[in-house]
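Survey of secondary and tertiary structure
The residues making up each chain are set out below.
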Amino acid sequence: MNTIHNFGFLFLSFLFVACGGNEEPIVEVIEKDSVIIPPPVIEYGFVLDSFQVKRDTVEDNWTMSHMFAPYGVSQWDINVAAERAADSLVGLRYVKEGVPFIILSELGDTSETAQYFIYPKNIVDYVIFDFRDSVVVEKQSKPNEVHEKILSGEIIQNSNLTFALDQQLEDINMTGEMAEYIAGVFAWTIDFFRLHPGDEFKVIYNEKSVEGTPYAVGGITSAWFKHQGHEFYAFQYALDSTGTQIGFFNEEGKEMRRPFLMAPVKYSRISSGYSGRRFHPVQKRWKAHLGTDYAAPKGTPIMSTANGTVIAASYTSGNGNYVKVKHDDTYTTQYLHMTGFAEGIRKGVYVEQGQTIGYVGSTGLATGPHVCYRFWKNGKQIDHRAEKFPTSVPMVDSLLPSYMEYIKPIRARIDSMPITPYIVEEEVVDSVQ
Ligand SMILES: [Zn+2]
């Protein structure tokens, strides 16, 4: 270290000594005669050095009384605090087992009567209970950060998208969110029930984090998916300056959104495909299966795969509770074995693509919870997965040049991204005989 630097450091220390009356917390560590004055510890906006700090954790079956009573809070104040916490602005009706909370009391107060309690509601939000005077309860949030991130991966044998994403994202909630975003962008293009080993994906997305810890996916901005050798690009683009008409478009400027979703449920598996002949599991005889069965847990939302009008929301002994939606003069879809209909679903109502119309069940002739999805074209049942639907309308010509200019660097970036290989965990073999 050179002398000039040291000299500068000394000078800086003097400067702070000279401003001794300043009550503002000094954030940097000041080195003075090799004594290190640590920066003040600030947590949830409180300078902890100015309080007696205790930490505790909510135990099984605790109410707010269990939290507050040992620290000199009266039953009256506890009731007031609980009532204010339950208010919609705070939204804390009960405390959860295992949540660590902080108790702040006045320095030197041997009775440790609480002035404040800090209760983290989730990774971002926390609740401050202020018992100094009248009871004040308020919800605060830690500053949220959004960073652009990339990820890539591949689908391996006997695996799916969630499994592949699980390797890339540390947070289990983010894995689910990311799968939802990717499946959402390509819902009209790729049959996620038919992913193949060797399918690959690359994504540019926004990651939300708080204090450096990622906790949520803030949306995808562009993505690429290679499915059975075919490459699909998707770029988010606003068609107007206000950003209200925002959507995903492919590399030619065609909107990703199509007339029909590929499936009426997210994340399930096809338990029985469309076929002219199969052994019926309940009736124990060979008969045609003119639908596609998607097995999913009871209660999973079933979506209308396209805009249309409900022409039946009814029950038969074979179909169980079912909904039939007429989309246009050519296409009608039908959804069987529901445990129940979604609110407001009845004959005559208009439903939008992706709208929940009912929930997976096993009413009618069904061995387990699934939705039997039937697709009618000109009055005949067909295999929707073999049907080639009309592609979407391209972007208007006047917008195309600026769109193509906009996606050029993004596409180059995606193309240059390597695929993160799937890491197969190796079995540890003891080499010592
Ligand atoms: Zn079926």
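These notes cover the structure that comes with them.

Scoring rules and cut-offs
Residues numbered from 1 in each chain as written. Predicted model: local features only at pLDDT ≥ 70, side-chain atom pairs only at ≥ 80, totals over all residues. Helix = DSSP H or I, 4+ residues; strand = E, 2+ residues; numbered from the N terminus. Buried ≥ 20, exposed ≤ 12 C-beta atoms within 10 Å, placed from the backbone. Expected span 1.5 Å × (residues − 1). Bend = angle between axes of the 7 residues up to and from the residue. Pairing = 2+ DSSP bridges. Axes fitted to C-alpha atoms, helices over the stretch in contact; angles between N-to-C directions. Core = buried A, V, L, I, M, F, W, Y, C linked by C-beta atoms within 7 Å. Domains from an automatic or database assignment. Contact = placed C-beta atoms within 7 Å.

**Side note on the overall build of the protein chain**
Counting secondary structure elements, the protein chain contains six helices and 26 strands. Among the 433 residues that make up the protein chain, the fraction classed as buried is 27%.

**Focus: the environment of S272**
With respect to the element layout, S272 can be found in strand 15 (residues 269-272). When the 16 C-beta atoms within 10 Å are taken as the criterion, S272 is described as partly exposed. Separated by 98 residues in sequence, S272 and H370 place their C-alpha atoms 10.0 Å apart.

**A word on helix 6 (residues 400-416)**
The first and last C-alpha atoms of helix 6 sit 24 Å apart over 17 residues, in line with the 24 Å expected at 1.5 Å per residue. Of all the bends in helix 6, the greatest reaches close to 35° and is centred on K408; the proline P409 follows between one and four positions later.

**Describing the environment of L399**
By the secondary structure assignment, L399 is in the loop between strand 26 (380-382) and helix 6. What makes L399 partly exposed here is the crowd of 15 C-beta atoms within 10 Å. Measuring from C-alpha to C-alpha, the distance between L399 and G253 comes to 9.0 Å, with 146 residues separating the pair along the chain.

**Considering the sheet that holds strand 5 (residues 51-57)**
The strand order across the open sheet formed by five strands is 5-6-7-8-9, and the pairing between neighbours is antiparallel. The sheet is open, and its two borders are formed by strand 5 and strand 9 (136-141), each paired with just one other strand. Pairwise comparison of adjacent strand axes, ignoring direction, gives a mean angle of 20° for this sheet. When strand 6 (residues 100-106) meets strand 7 (residues 114-120), the two strands line up antiparallel, connected through four bridges. Paired with I103 across the strands is F117, a residue of strand 7.

**Observations regarding the sheet that holds strand 11 (residues 200-210)**
Taking strand neighbours across the sheet as the criterion, the five strands line up as 10-11-12-13-14 in an open arrangement whose pairing is antiparallel. Edge strands, defined here as strands with exactly one partner in the open sheet, are strand 10 (144-154) and strand 14 (246-249). Neighbouring strand axes in the sheet, compared pairwise and without regard to direction, differ in orientation by 25° on average. Across eleven bridges, the pairing between strand 10 and strand 11 is antiparallel.

**Some thoughts on the pairing of strand 11**
Looking at chain direction, strand 11 and strand 12 (residues 213-227) are connected through ten bridges and run antiparallel. When the sheet's bridge partners are listed, E200 is paired in strand 12 with K226. Counted between consecutive antiparallel strands, the loop separating strand 11 from strand 12 contains two residues, among which E211 sits at a positive phi close to 50°.

**Considerations on the nonpolar core**
Taken as a class, soluble globular proteins show a tendency for nonpolar side chains to be buried jointly. Ranked by size, the top nonpolar core spans 59 residues in total, and within it I182, A223, I302, V323, Y335 and V371 carry the most contacts. Residues lining this core come from more than one domain, with at least three contributed by each of domain 3 (144-249) and domain 4 (269-386). The residues touching A223, leaving out its near neighbours within four places in the chain, are I182, V185, F201, K202, V203 and A234. Listed in part, the 23 residues of the second largest apolar core include F68, I78, I102 and I118.

**Let's talk about the pairing of strand 13 (residues 230-238)**
Two elements, strand 12 and strand 13, share six bridges in a ladder whose sense is antiparallel. In the sheet register, F225 faces strand 13, and the bridge partner there is F232. Between the end of strand 12 and the start of strand 13, which pair antiparallel, lie two residues, with Q228 showing a positive phi angle near 50°.

**So, the environment of Q52**
Looking at the element boundaries, Q52 is found in strand 5. Beyond its immediate sequence surroundings of up to four residues, Q52 is in contact with S105, E106, L107, D109 and E112.

**With respect to helix 5 (residues 172-185)**
A rise of 1.5 Å per residue sets the reference length of helix 5, with its 14 residues, at 20 Å; its end C-alpha atoms lie 20 Å apart and thus fit the reference within 8%. Within the span of helix 5, buried status applies to M174, T175, E177, M178, A179, I182 and V185.

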